[in-house]
Amino acid sequence: MSLTPFSRWPEAFTERYREAGYWLGKPLNHMLEEQARSQPDAIAVVCGSRQLSYAELDAASSHFAQWLANHGLGQGDRALVQLGNQAELYIVFFALLKAGIVPVNALFSHNRIELRAYAAQVRPRLLIASRVHALFAGDAFLEELIELVPELDTLLLHDDDHPGQRLANWFTPAPATCAFAPTPADEVAFFQLSGGSTGTPKLIPRTHDDYYYSVRRSVELCGFDRQTRYLCALPAAHNFPLSSPGALGVFVAGGQVVLAPDPGPASCFPLIARHRVNVTALVPSALSMWLQAAPDHPDELASLRLLQVGGARLPEAVARRVPQALGCRLQQVFGMAEGLVNYTRLDDDDEHTYLTQGLPMSPDDEVRVVDRQGNLLPAGQVGALMTRGPYTIRGYFQSPEYNAHAFDAEGFYRSGDLVRQREDGYLEVVGRIKDQINRGGEKIAAEEVENLLMAHPDVTQAALVSMPDAAMGEKSCAFIVSRDPALRGIALRKFLRSLGLADYKLPDRFERLDALPMTAVGKVDKNRLRHHIAEQLTVTE
Ligand code: OOB
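Because the structure is predicted, anything quoted here is derived from the model rather than measured.

Undergrad: Account for the overall build of the chain, with residues named and values stated.
TA: Scanning the chain from N- to C-terminus turns up 17 helices and 24 strands. On C-alpha atoms alone, the chain measures out to a radius of gyration of 23 Å, which is about the 24 Å that the 2.2 N^0.38 rule sets for 541 residues. In the chain, buried positions account for 50% of the 541 residues. At a minimum sequence separation of 6, the contacts of the chain that also span at least 24 residues come to 69%.

Undergrad: Which residues make up the pairing of strand β5 (residues 126-130), and what are the values?
TA: Extensive coverage of β5 is indicated by the burial of five of its five residues. Note: strand β3 (residues 78-82) against β5, three bridges, orientation parallel. Bridge assignment links alanine 79 to a residue of β5, and that residue is leucine 126. The pairing of β5 with strand β6 (residues 154-158) spans five bridges and is parallel. Bridged to leucine 127 within β6 is leucine 155. As for the winding sense of the linkage, the β-α-β connection from β5 through helix α6 (residues 140-148) to β6 is right-handed.

Undergrad: Any details on the confidence of the model for the chain? Residues and values, ideally.
TA: Mean pLDDT over the chain stands at 97; residues scoring 70 or higher make up 99%. Across the interfaces of the predicted complex, the ipTM metric reaches 1.00, alongside a pTM of 0.98.

Undergrad: Describe helix α11 (residues 284-293), with residues and values.
TA: Those residues of α11 that fall on the buried side of the exposure criterion are Pro284, Ser285, Ala286, Leu287, Ser288 and Trp290. Those residues of α11 hidden inside the fold are in contact with α10 (265-275), β11 (279-282), β12 (306-310), α12 (316-326) and β23 (473-482).

Undergrad: Tell me about the packing of α11 against α12, and name the residues and values.
TA: Their axes nearest at 11 Å, the elements α11 and α12 cross at an angle of 40 degrees. Classified by the angle between their axes, α11 and α12 sit oblique to one another. The handedness of the crossing between α11 and α12 is left-handed. When α11 is examined against α12, the residues Pro284, Leu287, Ser288, Trp290 and Leu291 are found in contact with a partner set consisting of Val318, Arg321, Ala325 and Leu326. When grouped by side-chain class, the residues that make up the contact of α11 with α12 number seven nonpolar, one polar and one charged.

Undergrad: Could you give an account of the domain arrangement of the chain, with specific residues and numbers?
TA: Considered domain by domain, the chain is made up of domain 1 (29-34 + 49-181) and domain 2 (437-540). Averaged C-alpha coordinates put domain 1 and domain 2 at centres separated by 36 Å. Across the boundary between the two partners, domain 1 contributes six residues, which contact six residues of domain 2. Residues that form the side of domain 1 that touches domain 2 fall into these classes: one nonpolar, three polar and two charged.

Undergrad: Summarise the site of the ligand; cite the residues concerned and give the values.
TA: Within the structure, the ligand sits among 22 residues, and Phe240, Phe334, Gly335, Met336 and Ala337 are positioned closest to it. Contributing elements (two or more residues each) for the shell around the ligand: α8 (239-243), β13 (329-336), β18 (413-421) and β19 (427-432). By residue number, the principal contributor to the shell around the ligand is β13, which donates five residues. Grouping the amino acids of the shell around the ligand by side-chain chemistry returns eight nonpolar, 10 polar and four charged.

Undergrad: How would you summarise the UniProt feature "domain: AMP-dependent synthetase/ligase" (unreviewed entry) in the chain if you had to cite specific residues and measurements?
TA: Annotation from UniProt places "domain: AMP-dependent synthetase/ligase" (unreviewed entry) at residues 32-397. With 34% helix and 23% strand, residues 32-397 has its two end C-alpha atoms placed 27 Å apart.

Undergrad: If you had to explain helix α4 (residues 87-99) to someone new, which residues and values would you point to?
TA: Across its 13 residues, α4 extends 19 Å between first and last C-alpha, which sits within 8% of the 18 Å expected from 1.5 Å per residue. Just past α4, the residue glycine 100 takes up positive phi, approximately 75 degrees.

Undergrad: How would you sum up the pairing of β23? Please name residues and give values.
TA: A large share of β23 lies buried, amounting to nine of its 10 residues. Relative to β23, strand β22 (residues 459-469) runs antiparallel, the two being bridged by 10 bridges. Pairing of valine 459 across the sheet is with serine 482, part of β23. Where β22 hands over to β23, the hairpin turn is made up of three residues, counted between the paired strands. Regarding topology, helix α16 (residues 489-499) serves as the crossover connection from β23 to the parallel strand β24 (residues 509-512), and that connection is right-handed.

Undergrad: Outline the UniProt feature "domain: AMP-binding enzyme C-terminal" (unreviewed entry) in the chain, supporting the account with residue identities and numerical values.
TA: Residues annotated in UniProt with the feature "domain: AMP-binding enzyme C-terminal" (unreviewed entry) correspond here to residues 448-523. Span residues 448-523 is 24% helix and 33% strand, its end C-alpha atoms 17 Å apart.

Undergrad: A description of the sheet that holds β22 should follow, citing residues and the corresponding values.
TA: Taken in spatial order, the three strands line up as β22-β23-β24 in an open sheet, and their pairing is mixed. For this open sheet the edge positions go to β22 and β24, each flanked by a neighbour on one side alone. Here the average twist between neighbouring strands, direction ignored, is 25 degrees. The sheet contact formed by β23 and β24 spans four bridges and is parallel. Paired with isoleucine 480 across the strands is arginine 512, a residue of β24. Lying on the sheet, helix α15 (residues 446-454) is in contact with β22 and β23; it crosses β22 at an angle near 140 degrees.

Undergrad: Run through the sheet that holds strand β16 (residues 366-370), naming residues and quoting values.
TA: Strand order in the open sheet formed by four strands is β16-β17-β18-β19, and the pairing between neighbours is antiparallel. Where the open sheet ends on each side, the last strands, each with one partner, are β16 and β19. In this sheet, adjacent strand axes meet at a mean angle of 45 degrees when their direction is disregarded. In terms of strand pairing, strand β17 (residues 382-388) meets β18 through five bridges, oriented antiparallel.

Calculation rules
Residues numbered from 1 in each chain as written. Predicted model: local features only at pLDDT ≥ 70, side-chain atom pairs only at ≥ 80, totals over all residues. Helix = DSSP H or I, 4+ residues; strand = E, 2+ residues; numbered from the N terminus. Rg over C-alpha atoms; globule rule 2.2 N^0.38 Å. Buried ≥ 20, exposed ≤ 12 C-beta atoms within 10 Å, placed from the backbone. Contact = placed C-beta atoms within 7 Å. Pairing = 2+ DSSP bridges. Right-handed = clockwise from strand over helix to strand, strands pointing away. pLDDT = per-residue confidence, 0-100. Axes fitted to C-alpha atoms, helices over the stretch in contact; angles between N-to-C directions. Parallel < 35°, antiparallel > 145°, perpendicular 65-115°, else oblique. Left-handed = near helix turned anticlockwise from the far one by under 90°. Nonpolar A, V, L, I, M, F, W, Y, C, P; charged D, E, K, R; others polar. Domains from an automatic or database assignment. Near = placed C-beta within 6 Å. UniProt positions renumbered as here; feature names shortened; annotations may be inferred. Expected span 1.5 Å × (residues − 1).

Here is the structure:
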């Protein structure tokens, strides 16, 4: 059975990262086993009225791993998982790691198009999904997936209304008939999802070694310990609440994860008060909602000590309001599922905390800021960010052509962000060159939506650009050239929905043009389109 292929780090780097103590040669489930040994009865996860101790989380995931092994699944197999913010997500994640099965954790907001794209790439033998999700309420989409991936032979559906299909049934002891083991630590453990800028979403292979290091280093920098009570309010499978330091950081430190169904104040504030939560992570658009709601809830946030904000640009004025309004410290986090994560440090002065997006977390993170020709720029100048290091991938999964320009010959990843690096190494994110919309932290690849719009029989040209939005930071606007003068935005939204595109990728606004403006080199002039819509918004406001 062959393991999941990926672009490895060259030998010299591998040796260096091992010698430096970054890569331990231990699988990610090691963190859980350590806690189950040293403090079995401590609460690891709180989810609604349920609580799971470390011993319970460890046992449930081992039982499920055994069940999977008994069913002939193990090393070399891959799984497609779609679960929301619930304890099962962690049990399933650790079970798959223990059994050596490599999962893709799709977001709960993902729809047919995204799941089909992931399934087509990883060819899963196992699907774990929820009947609560509209996609899996009936069997039509399951059949579609099986047609696409005939090797998909084990389907586990989480359904609280039907006891036979409760995932919990697989978390109870199974007869130990088959052996199971995680993949070797320097092999792929699971896939992260990229925001991407291309037609099909790219998958990010993360090894145990690199991911475990990024989590341990994050824990160190963010001061997580056994007293940490972390509210997971963002989608739990996303890299930020999973690993920066996120839930895995809490498990490394031996603290407690409290799951929230969504990041809204109405869900989160009562949970913070009830479980005396002291740290959480938000995207800037959620923070704005919290700042609005906080004055009406003076006591509920009393336990909060640290608020991490990242995923999208945080305006300085909003950043500065955090301590007063929420009674806690702010930490800015600028990260990417491909690897590199930057943090402002807990003892940074106001200038760094409010004006920068932090410093790379590892001494071995290599950062370059380059001009259009790829020349290195001196500190203080704005350019494109490139990076490599002990937890930054060397290539996307099975994408040789795309990798050829996403990575340079020395293995540096081109993140597509425009940054300024200060003399002291701190980064400021000032913009982006990748063709992406960052809608309140959710990333939309322009090309993916444009291709789908062009599939409409009456659309001849389409361009998706960002437009400013007070609540979300950015929203998306689709410029359309159509042969049918009566074609409406509402019909196009309906069309995209019928294709099965995730809701957050549906354009927020449509504009009709007779032709798209072009640049001198014959590309669609998106700068002009962005200016056009921004101006129109100022006029109408
Ligand atoms: C996080 O990861 P992704 O993969 O969803 O998105 C990465 C991209 C970055 O390349 C950048 O364009 C943007 O999101 N971004 C920020 C930012 N943090 C991320 N832009 C401005 N300011 C920030 N603070 O978003 C992610 C992964 C781990 C930790 C935190 C965020």
